[in-house]
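Next come the chains, spelled out residue by residue.
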Amino acid sequence: SQQGEEDPQALSIQEGENATMNCSYKTSINNLQWYRQNSGRGLVHLILIRSNEREKHSGRLRVTLDTSKKSSSLLITASRAADTASYFCATERGSTLGRLYFGRGTQLTVWP
Amino acid sequence: GAGVSQSPSNKVTEKGKDVELRCDPISGHTALYWYRQRLGQGLEFLIYFQGNSAPDKSGLPSDRFSAERTGESVSTLTIQRTQQEDSAVYLCASSQTWTEETQYFGPGTRLLVL
């Protein structure tokens, strides 16, 4: 069964605006990862945050993790049309290392 | 270097037929994973291979699904007696080891069962 739930399911913004996507999960985790998927094909790994970390940055991406609330957020700053894609959070549990549990994803559309 | 490759890219089959999907992981990656993604959904874990250890088959949805891996290279996912609900994109991923958290995904095989 899926572990995470992203919200919103769909997000539509203008270029230059920031996009924030949220992810909630149900059980304790080892780490949480965000992936991007274009056109329903292969996923690209964006960023990983471990359970003992609270915030991480990578370029225009900022991820936060609140283990007490079992939630994470992905912020994309100064969005571009090329950021249009589906974004998924995935969690790895300590009890099943290697196996990822994915949410349903957020479809982000950035209008030029 | 080369990424994860999968073949075929697309497969259309008739209900009841068997299909084989192939995955070539990144060279040197000991861990290999299969996922299924139904339309508009997230990825469902199917099976996980790590080196010579027994695979984690806990995600396989039925005994019609099976997978093999030759050493630390190619893997084949077989679906027997396909059903329409098997229609999905089947994604393969690999990572250096089971403790390497980042998984590198292939482009997927889009399976349509008529």
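Keep in mind that what you see is a predicted model, and the values were worked out from it rather than measured. (Residues numbered from 1 in each chain as written. Chains lettered and ligands numbered in written order. Predicted model: local features only at pLDDT ≥ 70, side-chain atom pairs only at ≥ 80, totals over all residues. Heavy atoms only, no water.)

Enquirer: Describe the state of the cysteines, listing the residues and the values that go with them.
Expert: All names here are of chain A. Enumeration over the complete set of coordinates arrives at 2 disulfides over all chains. Two residues share a disulfide in this structure: Cys23 and Cys89, whose sulfurs sit 1.9 Å from each other. Here the disulfide of Cys23 and Cys89 is right-handed, its torsion about the S-S bond being about 65°. Here the residue Cys23 occupies a position in strand β3 (residues 19-24), and Cys89 occupies one in strand β9 (residues 85-92), the gap between them amounting to 66 residues. (Disulfide = S-S within 2.5 Å. Helix = DSSP H or I, 4+ residues; strand = E, 2+ residues; numbered from the N terminus.)

Enquirer: Outline the interface of chain B and chain A, supporting the account with residue identities and numerical values.
Expert: Often the size quoted for an interface is simply the accessible area lost on bringing the parts together. Between chain B and chain A, the contact holds 26 residues from the first and 22 residues from the second. For the pair chain B and chain A, the summed buried area comes to about 1,800 Å², and 47% of that belongs to carbon and sulfur atoms. On the surface where chain B and chain A come into contact, there are 0 salt bridges. The interface formed by chain B and chain A includes 4 residue pairs in polar contact (both at pLDDT 80 or more). When contributions to the side of chain B that touches chain A are tallied by element, the ones reaching two or more residues are β4 (31-37), β5 (43-50), β8 (88-95) and β10 (109-113) of chain B. Grouping the amino acids of the side of chain B that touches chain A by side-chain chemistry returns 10 nonpolar, 13 polar and 3 charged. (Contact = heavy atoms within 4.5 Å. Buried area = accessible area lost by both parts, 1.4 Å probe. Salt bridge = Lys/Arg side-chain N within 4 Å of Asp/Glu carboxyl O. Polar contact = N/O pair within 3.5 Å; in protein donor to acceptor, adjacent residues only side chain to side chain. Nonpolar A, V, L, I, M, F, W, Y, C, P; charged D, E, K, R; others polar.)

Enquirer: Now, about the pattern of salt bridges: what can you tell me, with residues and values included?
Expert: Following the criterion strictly, the structure yields 8 salt bridges over all chains and no others. Linking Asp83(A) and Arg60(A) is a salt bridge whose minimum nitrogen-to-oxygen distance equals 2.9 Å. Here the residue Asp83(A) occupies a position in the loop between β8 (71-76) and β9, and Arg60(A) occupies one in the loop between β6 (55-58) and β7 (61-66), the gap between them amounting to 23 residues. Judged by relative accessible area, Asp83(A) falls into the buried class, the value being 6%. Arg60(A) sits in the partly exposed class, given a relative accessible area of 23%. Each member of the salt-bridge network shares a partner with another, and the members are Arg36(B), Arg38(B) and Glu44(B). (Buried < 20%, exposed > 50% of the residue type's maximum accessible area, 1.4 Å probe, protein only.)

Enquirer: Could you give me a rundown of the environment of Ser27(B), with the residues and numbers involved?
Expert: All names here are of chain B. Within the secondary structure, Ser27 is located in the loop between β3 (19-24) and β4. In this structure Ser27 comes out as exposed when scored by relative accessible area, which is 74%. For the pair Ser27 and Lys57, spaced 30 residues apart in the sequence, the C-alpha separation amounts to 23 Å.

Enquirer: Requested: an account of the nonpolar core, with residues and values cited.
Expert: Ranked by size, the top nonpolar core spans 21 residues in total, and within it Met21(A), Leu32(A), Trp34(A), Leu74(A), Ile76(A), Tyr87(A) and Leu108(A) carry the most contacts. Within the residue set of this core, elements represented by two or more residues are β2 (10-14), β3, β4 (31-37), β5 (43-50), β7, β8, β9 and β11 (106-111) of chain A. When neighbours within four sequence positions are excluded, Leu108(A) is seen to be in contact with Leu11(A), Ile13(A), Ala19(A), Met21(A), Ile76(A), Asp83(A), Thr84(A), Ala85(A) and Tyr87(A). Counting 20 residues, the second largest nonpolar core, distinct from the first, contains Val19(B), Ile26(B), Phe65(B) and Tyr90(B). (Core = buried A, V, L, I, M, F, W, Y, C linked by side-chain atoms within 4.5 Å.)

Enquirer: Tell me what's going on with unusual backbone geometry, and back it up with residues and numbers.
Expert: Residues Ser7(B) and Pro8(B) are joined by a peptide bond in cis, for which omega reads -10°. Inspection of the secondary structure assignment puts Pro8(B) in the loop between β1 (5-7) and β2 (10-13). Backbone geometry places Ala78(A), a non-glycine residue, at a positive phi of 45°. Position of Ala78(A) relative to the elements: it lies in the loop between β8 and β9.

Enquirer: Quick rundown of a nonpolar patch on the surface? Include the residues and the values.
Expert: A surface patch of nonpolar side chains, amounting to about 280 Å² of accessible area, comprises Val12(B), Leu112(B) and Leu114(B). Structurally, Val12(B) can be placed in strand β2. (Patch = residues over 30% accessible without salt bridge, like charges linked within 9 Å, V, L, I, M, F, W, Y side chains within 5 Å. Areas by Shrake-Rupley, 256 points an atom, 1.4 Å probe, with all protein chains shown as cover.)

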